[in-house]
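# Overview (structure and organization)
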Amino acid sequence: MKTSLPQTNTFLGSLLIGGLLLLIALSFFWTPYDPLGLDLASRLKPPSIEHWAGTDEFGRDVFSRAMTGARISALISSFTVIIAVIFGTTLGLLAGYLRGWTDRALMTLTDALLSFPGVLLALGLMVVLGASQFGLVVALGLAYMPAVIRVVRSAVLSIREKEFIEASLVIGNSEFYTMLRHVLPNAIAPIAVLATSMFGWALLSESALSFLGLGVSPPTPTWGNMLASSRPYMETAIWLGIVPGICITATLLGVNLLGDSLRDYLDPRTNGS
Amino acid sequence: MTDTSRLLAVSGLRIESGNGKVVALKGLDFEIKAGEFLAVVGESGSGKTMAARALMRLLPEGMVRVAGSIMFEGRDITTMSVPDLRALRGREIGMVFQEPMVSLNPALTIGAQLSEGLRLHESLSEEEMARRMVEMLRRVHIQNPEACLSAYPHEFSGGMRQRIMLASVMLLRPKLLIADEPTTALDTLSQREVLDLMVELAKDFGTAVMLITHNLGLVARYATRALVLERGVLVETGSVANILALPQHPYTQRLVDCLPRREPRAPALIEDDAPPLISVRGMRVRFAGRRRLFRQSAPVTAIKNLDLDIYKGETVAVVGGSGCGKTTLGRSILGLIEAEAGDIHFNGMDVKFHSRKARHAFRLGCQLVFQDPYSSLDPRMRIEAIIAEPLRHMPEMTPKQKKDRVYETLSEVGLSDFVGRYPHELSGGQRQRIAIARAVIRRPAFVVADEPVSALDMTIQMQVLGLFQKLQSQYGFACLFISHDLAVVEQIADRVVVMQSGEIVEQGSRDAIFDSPQHAYTRALLEASPAVDLNLLRKGVELAPALQQ
């Protein structure tokens, strides 16, 4: 009974993410309409046989735009998470393991960064880095890094007190090897959980920044800017908001389910042997 | 036996987990007479704690009583209403838990916690309550009891907290005191003090005591009657002298056999003028003081100017109460804790811990076995990888040789089938054997064993000690055996070093220390150690019928 639930979760997660990846792959070769093609004759058409998800205020096909948008949104979020996790984990590991002044310096930096709201910080960084997709990814990644540092550091602080760390040093292993071989693998679970929820924050922040004109510039569709531009039509053309909304929700659900499965898979204690 | 003397009668008590998969107790029957001292003996998983908790109707989440009755002075606890039950808890039946460090609320003063029970069960004026609390604290030998009332738990040591806990329970003068491994977390001296006080108070108040323990030494010293539990079944019951001297059930016999005992040891092969393997001179270790709000308290000296020689192949036991610096000593010799001053010579070579190379060579020859088998193995590595890890630093061995060595070592510790398992799939004793395998796989010259068996059950303790001795005679490594359990030390040591507050107060051969201790502290330790003299007991039991005739 209890074992079937995680399997269902893994299946559902794979289904959602698999579907997304398929749509992204397809969007490179084919979309029902040109996502940028204007057709002022058919503005704000509700979903129909021709336009599966209706059309927007310029008569562009919403389904085609959602497909293309998936590519950019997913890419930006993934790279944001990767940057935040790689840098955050490295610094958190160093802070937690070395302690002393390294820890104090890194924690002061983290506290300073955390005292700004993430989006505001990203906004400031984007002004420096320039409004490009690269700038967006780096800015968001750095904005989320402090959260990762904190989580990894606190996990490492408790792991390094365990006797198997001392055992590794007694064997003659170097501190660096011990950190990679014994500390890091035991800190994976919180990192995996954080990374999956961060994927969601990144999707939403990307839309906020795009809305402010600092993310991806308007004609290029992303779920975020589709959602943002649907606002004036909330009452007349509700599908404009619902379609990217569903895309974001389904993606987040899929990522979270897969993240949980990944965490369980990586932990030998939850693995039936 | 008259009915009036019977305080508690349990019959057919059966406890299962909610889904019926785990049966903790399979129909237990026993009784406790008013004022008697009953011991419940068993190893982990025997159901002894479940039995105690059932008496208070405090079973852990998921465990249910499926059958049986618990009659306390003619009332059935199992069917009692909740208000009646609350009136019973504390007032009639008191309980002392194992962990003194967590059983007192750190956010409340001692006075507030002691008065809780009095407030609930009696209506007394504030002055009367304070008077009673002070009186009780004085009885459990807390100095300055008035000040203690407004102090917080963290200001007291483990032994003192357990005495305070005892005071809080005995304040209400319960008819039955349940003590669940009350001194397992304490060192020998505090253990003695707490239990002596418990017996004294129980006698004065006519309280019956149900002592749950795995330590037969304590049973022999304090209890009059004992129950022996094995996996939820009561296998033997009777007077303590009978159970220990003439155990009937095979399981009880096994337990008694596992009592550590002194056997003549072949003297370790020390050549007369051979230099010591490890020689420590003038070691001093200090820890930085705790940081307070505005100042830093003075540094704590853990080891003061200590000299120690360890010869090839011998077992040197370091004994002492908690906080005497014995653990620090082991860690400092291995360089895990940096010593402030002092020299260590290994095989006649000066080990300078600032030199990476010398340290590395020293590390290869020395190993450590930890106390807690649950945290000393990396939970994410398979057994094979854990045991093989020390061989990383032996570049002269081929992969084939390494693999063979891993399997050879695993079979030596009797765990050949566990290669692909993870640590969490192993029991405590098995994990400790893995930890020992990891320590000996590189054939070290010197092993520090820090309380290697104190977290294990009696029978497992014996197996692990036996394995350790076997490997030691096989590979001839010297061992620094750190322990607070003198019974174990008596069995395994060649030489004993007694430490008190960072200094060696006495050292000598095992027999010299145990038979004619010179220092007062050594005598106090030996006196407090709950050893069982089986020969004496047997004589007593054999004599008893003769005397009656």
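Shown above is the structure to which this text applies.
Residues numbered from 1 in each chain as written. Chains lettered and ligands numbered in written order. Predicted model: local features only at pLDDT ≥ 70, side-chain atom pairs only at ≥ 80, totals over all residues. Heavy atoms only, no water.

### Looking at the sheet that holds strand β9 (residues 225-230) of chain B
Residues and elements named next belong to chain B.
- Strands sit in the order β6-β7-β8-β3-β9-β10 across an open sheet of six strands; the sheet is mixed. A single partner strand is all that each edge strand has here, and the edge strands are β6 (93-96) and β10 (233-239). Direction aside, the axes of adjacent strands within the sheet are offset by 15 degrees on average.
- Sheet analysis places β6 next to strand β7 (residues 176-180), joined by four bridges and oriented parallel. The partner of isoleucine 93 across the bridge, within β7, is leucine 176.
- Along the sheet face, helix α1 (residues 48-55) touches β3 (37-41), β6, β7, β8 (208-213) and β9 and points at about 150 degrees away from the line of β8.
- Contacts between helix α8 (residues 188-205) and the sheet are confined to β3, β7 and β8, with β8 contributing the most and set at about 155 degrees to the helix. (Pairing = 2+ DSSP bridges. Helix = DSSP H or I, 4+ residues; strand = E, 2+ residues; numbered from the N terminus. Axes fitted to C-alpha atoms, helices over the stretch in contact; angles between N-to-C directions. Contact = heavy atoms within 4.5 Å.)

### Here's the deal with helix α5 (residues 133-159) of chain A
- In a regular helix each residue adds 1.5 Å, so 27 residues correspond to 39 Å; α5(A) covers 37 Å between its end C-alpha atoms and thus fits that length.
- The largest bend in α5(A) amounts to roughly 35 degrees and is located at A:Met145, with the proline A:Pro146 lying one to four residues further along. (Expected span 1.5 Å × (residues − 1). Bend = angle between axes of the 7 residues up to and from the residue.)

### Focus: the packing of helix α4 (residues 118-129) of chain A against α5(A)
Residues and elements named next belong to chain A.
- Contact geometry for α4 and α5: axes closest at 8 Å, N-to-C directions at 140 degrees. Relative to α5, the element α4 lies oblique. Considering the relative orientation of α4 and α5, their crossing is right-handed. The segment α4 lies against α5, with Gly118, Leu121, Ala122, Leu125, Met126 and Leu129 engaging Gly135, Leu136, Val138, Ala139, Leu140, Leu142 and Ala143.
- In terms of residue class, the contact of α4 with α5 is built from 11 nonpolar, two polar and no charged. (Parallel < 35°, antiparallel > 145°, perpendicular 65-115°, else oblique. Left-handed = near helix turned anticlockwise from the far one by under 90°. Nonpolar A, V, L, I, M, F, W, Y, C, P; charged D, E, K, R; others polar.)

### Looking at unusual backbone geometry
All names here are of chain B.
- The residue arginine 173 is not glycine, and still its phi comes out positive at about 45 degrees.
- A residue is classified by how much of its surface remains accessible, and arginine 173, at 48% relative accessible area, is partly exposed.
- Phi at arginine 231 takes a positive value of approximately 45 degrees, unusual for a residue other than glycine. (Buried < 20%, exposed > 50% of the residue type's maximum accessible area, 1.4 Å probe, protein only.)

### A short note on the sheet that holds strand β1 (residues 6-17) of chain B
Residue and element names in this part refer to chain B.
- With antiparallel pairing, the four strands of this open sheet are ordered in space as β2-β1-β4-β5. A strand with exactly one partner marks an edge of an open sheet, and here the two such strands are β2 (23-33) and β5 (75-76).
- In this sheet, β5 lies alongside strand β4 (residues 63-72) in antiparallel orientation, the contact comprising two bridges. Among the inter-strand pairings, phenylalanine 72 is bridged to a residue of β5, identified as arginine 75.

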